[in-house]
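What follows is the residue order along each chain.
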Amino acid sequence: MKRKCDFCDSEAVVHEITLAGGKKIEKHLCEMHAMEEGFEAEGGGASGFLTSKIVLAAGQKQPAGKPGKREGCSDCGTTFDEFRKTGLLGCSNCYEAFEEQLGPLLQRAHDGATHHVGKIPSRAGSSVDRQQRLTALRRQLSDAVEAEQYERAATLRDEIITTEQDAGLRRGTAASEGEV
Amino acid sequence: MVRDGCSQWLEADGPEKDVVVSSRVRLARNLAGYPFVHKARADEREQIIEVVRGVLNGIGGDIGTGSRESGGGVEWVDLCELPKLERGLLVERHLISKQHSKGSQPRGVAVSSSDESLSIMVNEEDHLRIQVLQPGIALDNALEEIGRVDDHIEAQLDIAYSPRFGYLTACPTNVGTGLRVSAMLHLPGLRLSGEIEKVRKAAKAMNIAVRGFYGEGSDVAGDFYQLSNQVTLGKSEQDILGSFAGQFLPDIVEYERSARRSMLDSRRLVVEDQVFRALGTLTHARQLKADEVLDLLSYLRFGVCTGVIDMPLDVVGKLVLLTQPSHLQRLCGARLDQAERRVERACLVRKTLSEAGV
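Just so it is clear, the model here is predicted, and its values are computed rather than measured.

Draft legend 1. The arrangement of the overall build of chain B in detail. Regarding its fold elements, chain B presents 12 helices and 10 strands. Over its C-alpha trace chain B gives a radius of gyration of 21 Å, about what one expects of a compact globule, namely 21 Å for 358 residues. Here the C-alpha coordinates of chain B stretch approximately 65 × 45 × 40 Å along the principal axes. For chain B, the residues scored as buried account for 57% of the 358 residues in total. Across chain B, every contact between residues at least 6 apart in sequence was considered, and the portion connecting residues at least 24 apart equals 70%. On chain B, roughly 14100 Å² of surface is accessible, and the fraction owed to carbon and sulfur atoms is 48%. Averaging the positions of the 44 positive and the 50 negative side-chain charges in chain B gives two centres separated by 6 Å.

Spelled out as structure tokens, the structure:
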């Protein structure tokens, strides 16, 4: 017998079991109510819910910066469920965002190894700094554009261009890029 | 752009060629500051191509020869512009993956023009997939060459890297060194003597993957097996190479040779019968299927390597490549359907073997 949605008579396609303080809270939702409750459809469309899935959540608040299963990487939005489905992470930051979940998986895939041994890129230190700076600047730029703060956006854009030039990701000068 | 005939590196003589057809090393690399390929928008993929193309100068001339005087450098191929048949040629030459040959998103490959031993796929699963191919066992040399290319690129570009995880890749099975070392082996002796399962088990115990003729997801054809390391994290490049090429590979080569010797000692007539039946079919058939020709050429290769048939080994190597669908059509200068390909394939094999005096 198929389980019905908690809110209507439709068939539930998302099942979430949360354990909080030793208490089990169950949610069974149809496609529409799952979307209303903020569950992400896999693959981006509503049809992504066609396969039933059970989400086991810990119930506690996730530590800052570490996304939960439904919460995505702060840079690219990839969720851990999405990674499990495709086998691919979305960006460099995913390694940090899902560090805890990836640990055991990497150990299994790499004969127990947990840390890199071997070549280090010659620009490694500054590269990691620049990578983080670029991510932050791009986020600020998108906020500024949304808030219609065009002067601030122009300044941020120039900073991004300079940082990209330092990273070897761009040639030419900021001045030649035109207005925002 | 793809040269006629076959890749020059394939024509060269390589060490242990009786068992090891070719060696390959590849590095997976991503540019810092961009999402991985499958999450990148079309404009970001275009930018990645532009950035990579900007650093390609100075690469390629020294690959495989140790000298820049050989010239050439790398040639850029936009795979969105390249006709399907030409993309097929690149797949058959192992210069791009099947996955990379398909799709409409911005992607390309840089190939060393001198001998096609180096290829750099851009926007495959990772932003960069750099690979060096060499004939026979030549993994030390290949690793040295690929290191030079990698140094050249990362001296100019920020590469995605973390102190804990090393080089960051879209799939965590490549993270760390991003290095895959592999060898294409011809193992008819072990297959015919029923020992191939032991090789698979030994490989599994040593975290070595056994794949088919076209790598990941492909079937074994003509007793050609591609073996490669699976662990990329927690071991240095030299350790990865050492446990594969220094330990595992020589054992398998010796195992195959001993299987061939013992078959010839105990069942020479059976071996000769199989080899000459294959030769008979190859020299007389009027239609040959693609997988059938690989199986027959495998017997022929076996016969040449064991001295049962006297003919140059590189003729067999060339036929393995030239009888594949895209190469065959290129050679005929026309698009052919499956039935036509079978006829042309048989014709090419008969002609080539007759010219080789067989």
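Draft legend 2. Structural view of the nonpolar core. Residue and element names in this part refer to chain B. Judged by nonpolar contacts, the single largest core of 61 residues is most densely connected at Leu31, Ile120 and Ile153. Here the element with the most residues in this core is helix α8 (residues 237-284); it accounts for 8 residues. If we ignore the near neighbours within four places in the chain, the residues touching Ile153 are Val55, Ile59, Ile120, Leu128, Ile130 and Ile159. Grouped together as the second largest cluster of nonpolar side chains are 35 residues, Leu264, Leu282, Val316 and Leu322 included.

Draft legend 3. Summary view of the environment of Leu227(B). All names here are of chain B. Tracing the sequence through the fold places Leu227 in strand β10 (residues 224-229). The buried category is assigned to Leu227, whose relative accessible area is 1%. Excluding its chain neighbours within four sequence positions, the residues that come into contact with Leu227 are Val181, Ser182, Ala183, Leu185, Ile208, Ala209, Val210, Phe244 and Phe248.

Draft legend 4. Spotlight on the pattern of salt bridges. For the structure on display, the rule yields 29 salt bridges over all chains. Across the pair Arg330(B) and Glu86(B) runs a salt bridge, and its minimum N-O distance is 3.1 Å. Residue Arg330(B) is located in helix α11 (residues 325-332), and its partner Glu86(B) is located in helix α3 (residues 84-92); the two are separated by 244 residues in the primary sequence. What makes Arg330(B) partly exposed here is its relative accessible area of 24%. Residue classification places Glu86(B) among the buried positions, given a relative accessible area of 17%. A salt bridge links Arg129(B) to Glu124(B), with the nearest nitrogen and oxygen atoms 3.7 Å apart. Judged on exposure class, the residue Arg129(B) and its partner Glu124(B) are both buried. If you follow the salt bridges from partner to partner, you end up with Lys119(A), Arg29(B), Asp150(B), Asp151(B) and Glu154(B) in one network.

Draft legend 5. Main features of the interface of chain B and chain A. Taken together, the 47 residues of chain B in the interface contact 40 residues of chain A. With both chains or domains summed, chain B and chain A bury close to 3700 Å², and 56% of this area falls on carbon and sulfur atoms. When the buried surface of chain B facing chain A is broken down by residue, Asp158(B), Tyr161(B) and Arg164(B) rank first, second and third, together holding 20% of it. Between the two partners, chain B and chain A, sit 5 salt bridges. A salt bridge links Arg164(B) to Glu99(A); the nearest nitrogen and oxygen atoms lie 2.8 Å apart. Here chain B is connected to chain A by 17 residue pairs in polar contact (both at pLDDT 80 or more). Mapped by element, the contributors of at least two residues to the side of chain B that touches chain A are α5 (139-154) and β7 (166-167) of chain B.

Draft legend 6. View of the domain arrangement of chain B. Residue and element names in this part refer to chain B. What the domain assignment reports for chain B is domain 1 (8-176) and domain 2 (256-355). Computed over C-alpha atoms, the centres of domain 1 and domain 2 are 31 Å apart. Counting from both sides, the interface comprises 13 residues of domain 1 and, opposite them, 16 residues of domain 2. Of the roughly 1400 Å² buried where domain 1 meets domain 2, counting both sides, 54% is carbon and sulfur surface.

Draft legend 7. View of the sheet that holds strand β9 (residues 208-211) of chain B. All names here are of chain B. Read across the sheet, 8 strands follow the order β2-β3-β4-β5-β1-β8-β10-β9 without closing on themselves; strand pairing throughout is antiparallel. Unpaired on one side and paired on the other, β2 (74-78) and β9 mark the two borders of the sheet. Strand after strand, the sheet turns through a mean of 20° between neighbouring axes, direction not considered. Strand direction decides the pairing type here: strand β1 (residues 20-29) and strand β8 (residues 179-186), joined by 7 bridges, are antiparallel. Note that in β8 the partner of Ser23 across the bridge is Ala183.

Draft legend 8. Quick peek at the packing of α8(B) against helix α9 (residues 290-305) of chain B. All names here are of chain B. Contact geometry for α8 and α9: axes closest at 9 Å, N-to-C directions at 130°. Considering their axes alone, α8 and α9 lie oblique with respect to each other. In the packing of α8 onto α9, the handedness of the crossing is left-handed. Contact residues: α8 offers Arg260, Val271, Gln274, Val275, Ala278, Leu279, Thr281 and Leu282, while α9 offers Val293, Leu296, Leu297, Tyr299, Leu300, Phe302, Gly303 and Cys305. Its residues placed into classes, the contact of α8 with α9 shows 12 nonpolar, 3 polar and 1 charged.

Criteria and cut-off values
Residues numbered from 1 in each chain as written. Chains lettered and ligands numbered in written order. Predicted model: local features only at pLDDT ≥ 70, side-chain atom pairs only at ≥ 80, totals over all residues. Heavy atoms only, no water. Helix = DSSP H or I, 4+ residues; strand = E, 2+ residues; numbered from the N terminus. Rg over C-alpha atoms; globule rule 2.2 N^0.38 Å. Buried < 20%, exposed > 50% of the residue type's maximum accessible area, 1.4 Å probe, protein only. Contact = heavy atoms within 4.5 Å. Areas by Shrake-Rupley, 256 points an atom, 1.4 Å probe, with all protein chains shown as cover. Lys, Arg positive; Asp, Glu negative; His and termini not counted. Charge placed at Lys NZ, Arg CZ, Asp CG, Glu CD. Core = buried A, V, L, I, M, F, W, Y, C linked by side-chain atoms within 4.5 Å. Salt bridge = Lys/Arg side-chain N within 4 Å of Asp/Glu carboxyl O. Buried area = accessible area lost by both parts, 1.4 Å probe. Polar contact = N/O pair within 3.5 Å; in protein donor to acceptor, adjacent residues only side chain to side chain. Domains from an automatic or database assignment. Pairing = 2+ DSSP bridges. Axes fitted to C-alpha atoms, helices over the stretch in contact; angles between N-to-C directions. Parallel < 35°, antiparallel > 145°, perpendicular 65-115°, else oblique. Left-handed = near helix turned anticlockwise from the far one by under 90°. Nonpolar A, V, L, I, M, F, W, Y, C, P; charged D, E, K, R; others polar.

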